[in-house]
Amino acid sequence: MKYKSVFDIIGPVMVGPSSSHTAGAARIGRIARGLFGRQPKKVDVTFYGSFAKTYQGHGSDVATVAGILDFDTFDTRLKESLRIAKEQGIDISLHVSEAVTEHPNTSRIRLEDEQGATEVVGVSIGGGKIEITEIDGFAVQLGFNTQTLMVLHEDRFGMIAAVAKILSERQINIGSMEVSRHARGSKALMAIEVDSVIAPDILEQMERIPSIYRVSLLSPS
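Since we're looking at a predicted model, the values are computed, not measured.

## With respect to the domain arrangement of the protein
Partitioning the protein into structural domains gives domain 1 (12-142) and domain 2 (147-218). Across the contact, 11 residues belong to domain 1 and 12 residues belong to domain 2. Taken together, the two surfaces of domain 1 and domain 2 that pack against each other cover about 940 Å², and 69% of this comes from carbon and sulfur. Its largest share of buried area at the contact with domain 2, domain 1 owes to Leu35, Phe138 and Leu142, together 59% of the area lost on that side. Connecting domain 1 to domain 2 are zero salt bridges. Those elements giving two or more residues to the side of domain 1 that touches domain 2 turn out to be helix H2 (19-36) and strand E6 (138-142). When grouped by side-chain class, the residues that make up the side of domain 1 that touches domain 2 number seven nonpolar, three polar and one charged.

## A word on the nonpolar core
Membership of the largest hydrophobic core comes to 39 residues, with the highest contact counts inside it found for Ile132, Ile135, Phe144 and Met150. Residues from two domains meet in this core; each of domain 1 (12-142) and domain 2 (147-218) gives at least three. Among the nonpolar cores identified, the runner-up in size contains 17 residues, and Leu149, Ile172, Met190 and Met206 belong to it.

## Some points on the side chain of Asp44
Take Asp44: it is sitting in strand E1 (residues 42-48). Of the polar contacts made by the side chain of Asp44, one reaches the side chain of His95; its length is 3.1 Å. Residue contacts for Asp44: discarding those within four places in its chain leaves Ser93, His95, Arg108, Ile109, Arg110 and Glu112.

What counts, and at which threshold
Residues numbered from 1 in each chain as written. Predicted model: local features only at pLDDT ≥ 70, side-chain atom pairs only at ≥ 80, totals over all residues. Heavy atoms only, no water. Domains from an automatic or database assignment. Contact = heavy atoms within 4.5 Å. Buried area = accessible area lost by both parts, 1.4 Å probe. Salt bridge = Lys/Arg side-chain N within 4 Å of Asp/Glu carboxyl O. Helix = DSSP H or I, 4+ residues; strand = E, 2+ residues; numbered from the N terminus. Nonpolar A, V, L, I, M, F, W, Y, C, P; charged D, E, K, R; others polar. Core = buried A, V, L, I, M, F, W, Y, C linked by side-chain atoms within 4.5 Å. Buried < 20%, exposed > 50% of the residue type's maximum accessible area, 1.4 Å probe, protein only. Polar contact = N/O pair within 3.5 Å; in protein donor to acceptor, adjacent residues only side chain to side chain.

Here it is, written out as structure tokens:
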């Protein structure tokens, strides 16, 4: 990923000590929360590589949980996130793994409740920047630095065209698009970065398209 300015390298406004291990971890947690769409009842976090070795000293654990609680990187409640989560009845399990990953600052987060579960793999690439590499088994490469539309649908002809048609009719420009599927004819995931704010009624219109299971919109975290 390319940095656009010196501020991407310095990192965001945050509670320290590390833009990679603290701010990045918080952003991954917050993206997972946004994809799940609500506060979970149970959380499983697995740290890999450098995260696994230093997560307590660098606050990756409290930062990840803070993000899951929907706290921003500069929220002073970050350091108390484990206590706050416990008070809110969230069951938190933290694990480390010796498995080798492509990036040393990698975490896998699974959120669940009685309605379902979401699992996200993310990496902190420096300066508070992150990249989500997996969502519920779908391989992706997303930074969530702009409005991102997530469309879960049946893998069949015409789905991309149907979604793009609605965006075109509303004069919403597509910045980039990724499509991933588990297998031919099974479930697929569209991730569309757009240049404009998408109104709730557009999401509702998309959800009425046959063979679309879920539509969500994530703002930059």
